[in-house]
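Listed here are the chains, written in short residue letters.
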Amino acid sequence: MPTSHTPRAPRIARTLNIGILAHVDAGKTSLTERLLFDHGAIDRLGSVDSGTTQTDTGDIERERGITVRSAVASFTVGSAQVNLIDTPGHSDFIAEVERALGVLDGAVLVLSAVEGVQAQTRVLMKTLRRLRLPTLLFVNKIDRAGARQDGLLTDIRDRLAPHIVAMTAVRGPGTRNAHAVPRSLDDADVRTQMAEALAETDDALLARVLDGPPPTPAELRAALAAGTADCRVHPVFFGSALSGQGVGALARGMARLLPPAPVGAEAAAAPYGTVFAVERRAGAGQKTACLRLFAGELTVRQKVTLHRRGPGGTPVAYTGQLTSLDVVGRPGAGRLTAGNIGRVRGLPEVRVGDRLGPADAAPDGPDDPGGPARPEADQPHFAAPSLSTVVRAREPGPGPAARLHAALVSLAEQDPLIHTRALPGGTTSVLLYGEVQKEIIAATLARDFGIEADFEPSRPVHVERPVGVGEACEEMARRHHTGLWATIGLRVEPAPAGSGAAFRYETELGALPRAFHHAIEETVHDTLLQGHGGRAVTDCRVTLIRSGFSSALSTARDFRELTPVVLERALRGAGTRVYEPCHAFELEIPHDTLAPVTARLTAAEAEIAGVAETAGGAPVWLLEGRIPAREVHGVKRWLPGLTRGEGVWWSRPSGDRPLGPGRETGPGRETPSAAPRAPQAGRTDSAPSGHPFP
């Protein structure tokens, strides 16, 4: 029973959903732990090294000291509830990071006071600015030898964000006694420096600075909050997650400077939200989905419908009933309201990326400028994985192979982009972003599922795109028909890059029973996804231009078997080109190694887009560009030798480009003679003129 000595819990007036992002080893998980501990959310300060942190809950994460999956925890600052989303730092898990960005109201980007602005730091900042997510910068590890302050602020302006405002100062940087001191607006010099920094992006404030009267502290605070919310300026806080220095000032900055989740009229709207994480403990059958709600409300036992696009692009919808609902940061709350995050159960088919709400709110639906979620959140912000591998159970037999495939399917529910596919012989193919991800999958299979698995060497994922227009048709004979009881005509044509595969009709929808239409569309997507020689066909439009059936004899199976035959012939007529995946890279090298390094990059078929000399500190060159994914591993091998171990490399998947001559690993379709014949299931007795049988 509460007494007069029991502090009353503050009333929550607003919610902030904040992501913690960083280059690997900058200390973001330690910062998350410190924020939770200092604000009473946990009673023991965990350690990454000892594997006792609150957000790295998986055994693999604890052992390796890295974050693999996004995790959510919360604390309160005054009347604000802050939901922290701790994201992975390793580039192999960049898709996990960017999935979380769509549910955030703001972000804290963590830098190391020693290493400073690193390659992935720049990439993350570019993404945050593109999404217009208000961002605070936290410079960690001020108590480590080599920590910098003034020089690092210069580097941040030159290489990361031109408009920054230092909110704290460091005394004794690089020593064990380093501590962060808030810069008070009661100091005239601090007011002048802040006013000049803010005036760079605020014309009204610039007039006050030049002509007077000078802005008051209250006006500067309001201008700083407005500039932060508009992503024009980025406040910078210094501190140490391990000692706690500067963390309190950062927490207060979150509450005062980052805009809260929207509320109001959206509460009365239909529920609309995004599933950004799925948890399922080993041995537990029920999934827990982490869902950010943008509009409406949810309660236990409520029926909901979720939407996604299947692997081939076909719409998928399913309905379930919530059996359990826990609102993050609000134990005992009976409902999830707009702006908050909940852990829900009772949705056995749920996967990461699923959308709650009407069908047109799905990721491929039209943008709604007046909707509750930012339109950018409805679109993927990351390239598809660029590597593939084949996995087989070490123990022989169909039983272990089936268990392996089921385990990989379960992992794909947490990361749909790995896209598992069963192959002949009991093996399974998966898609990857990098070798570390492969190691994590192997360790997870062994620890959580008891399956020892072998992985083939990773190979680049090639795709094909049509280069022209092709048509093909197979018709039922009017008399003495002996083939499949279906008539199908398809046209294939190119579509804009990045649009994927789309299916449409030129025939009347009532010309075929609905089940036959569905069979054609589903088979088209499946056939394009399975591809040719292991290469999926993408960025194309497939149009049904002719159809027919026998009311007495036709079945959906006839249409499923005939569709791949017709589609293969149409693709052959259109011709296709093979594309290979590329990585965008950033590379820092010593000043005297530019010539040999650029020569080796050119030999590796890299496209160097920019070369710049960095300011501050020892002079180094910064190179940016694109390189085939197949060359990345080789660069990592020879780079230390050419740069005396001082080269810093970072890369991530970034689209693709046409495969060079002589590098194609299998037959293509660019000329009719280069394509193999399609399977001859259901060959018919007649065909339209100009479309002979293959």
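Look a little higher up for the structure.
Residues numbered from 1 in each chain as written. Predicted model: local features only at pLDDT ≥ 70, side-chain atom pairs only at ≥ 80, totals over all residues. Heavy atoms only, no water.

(A) The arrangement of helix α9 (residues 247-257) in detail. Among the eleven residues of α9, eight are classified as buried, and the element is accordingly described as predominantly covered. Those residues of α9 not exposed but buried are Val-247, Ala-249, Leu-250, Ala-251, Gly-253, Met-254, Ala-255 and Leu-257. (Buried < 20%, exposed > 50% of the residue type's maximum accessible area, 1.4 Å probe, protein only. Helix = DSSP H or I, 4+ residues; strand = E, 2+ residues; numbered from the N terminus.)

(B) A look at the sheet that holds strand β9 (residues 234-238). The strand order across the open sheet formed by seven strands is β2-β3-β1-β4-β5-β9-β6, and the pairing between neighbours is mixed. What marks the edges here is a single partner per strand, and that holds for β2 (71-77) and β6 (164-166). Between one strand axis and the next, the sheet turns by 25 degrees as a mean value, whatever way the strands run. With three bridges joining them, β6 and β9 adopt parallel strand pairing. When the sheet's bridge partners are listed, Ile-164 is paired in β9 with His-234. Contacting β1 (14-22), β2, β3 (80-86), β4 (106-112) and β5 (135-140), helix α1 (residues 28-38) runs over the sheet at an angle of about 155 degrees to β3. Against the sheet, helix α5 (residues 150-159) touches β4, β5, β6 and β9, its axis set at about 165 degrees to β6. (Pairing = 2+ DSSP bridges. Axes fitted to C-alpha atoms, helices over the stretch in contact; angles between N-to-C directions. Contact = heavy atoms within 4.5 Å.)

(C) Fine view of the pattern of salt bridges. Summed over all chains, the structure comprises 37 salt bridges. Note that Glu-452 is salt-bridged to Arg-394, the shortest N-O span being 3.7 Å. On the criterion of sequence distance, the pair formed by Glu-452 in the loop between α11 (435-449) and β22 (453-455) and Arg-394 in the loop between β19 (387-393) and α10 (398-414) is long-range, its members being 58 residues apart. Because the salt bridges share partners, they merge into one network encompassing Arg-122, Lys-126, Arg-159, Glu-586, Glu-588 and Glu-624. (Salt bridge = Lys/Arg side-chain N within 4 Å of Asp/Glu carboxyl O.)

(D) Quick peek at the packing of helix α6 (residues 188-199) against helix α8 (residues 217-229). Packing of α6 against α8 brings their axes to within 11 Å, and their N-to-C directions diverge by 35 degrees. The interaxial crossing formed by α6 with α8 has left-handed handedness. Taken together, the residues of α8 that come into contact with α6 (itself represented by Arg-191, Met-194, Ala-195 and Leu-198) are Pro-217, Leu-220, Ala-223 and Leu-224. For the contact of α6 with α8, the per-class residue count stands at seven nonpolar, no polar and one charged. (Left-handed = near helix turned anticlockwise from the far one by under 90°. Nonpolar A, V, L, I, M, F, W, Y, C, P; charged D, E, K, R; others polar.)

(E) Focus on unusual backbone geometry. Here the amide bond leading from Gly-212 into Pro-213 is cis, since omega sits at -10 degrees, within 30 degrees of zero. By secondary structure assignment, the location of Pro-213 is in the loop between α7 (203-211) and α8. Look at Arg-132: it is not a glycine, yet its phi comes out positive at around 55 degrees. Mapping Arg-132 onto the fold places it in the loop between α4 (119-130) and β5.

(F) Region of interest: the sheet that holds strand β10 (residues 272-279). With antiparallel pairing, seven strands are arranged side by side in an open sheet as β14-β13-β18-β10-β11-β17-β15. Here the strands that pair on one side only, and so sit at the sheet edges, are β14 (315-321) and β15 (324-327). Taken together, the seven bridges between strand β13 (residues 303-309) and β14 define a ladder with antiparallel strand orientation. Across the sheet, Val-304 pairs through a bridge with Gly-320, a residue of β14.

(G) View of the side chain of Glu-580. The topology assignment puts Glu-580 in strand β30 (residues 576-590). Residue classification places Glu-580 among the buried residues on the basis of a relative accessible area of 1%. Sequence-distant contacts of Glu-580, defined by excluding residues within four places in its chain, comprise His-462, Pro-628, Arg-630, Gly-655, Asp-656, Arg-657 and Leu-659.

(H) View of the environment of Arg-355. Its location among the elements puts Arg-355 in strand β18 (residues 355-356). Look at Arg-355 and you get buried, because its relative accessible area is 8%. Spatially, the C-alpha atom of Arg-355 lies 10.0 Å from that of Arg-309, the residues being 46 residues apart in sequence. At 3.3 Å, the side chain of Arg-355 forms a polar contact with the side chain of Thr-274. (Polar contact = N/O pair within 3.5 Å; in protein donor to acceptor, adjacent residues only side chain to side chain.)

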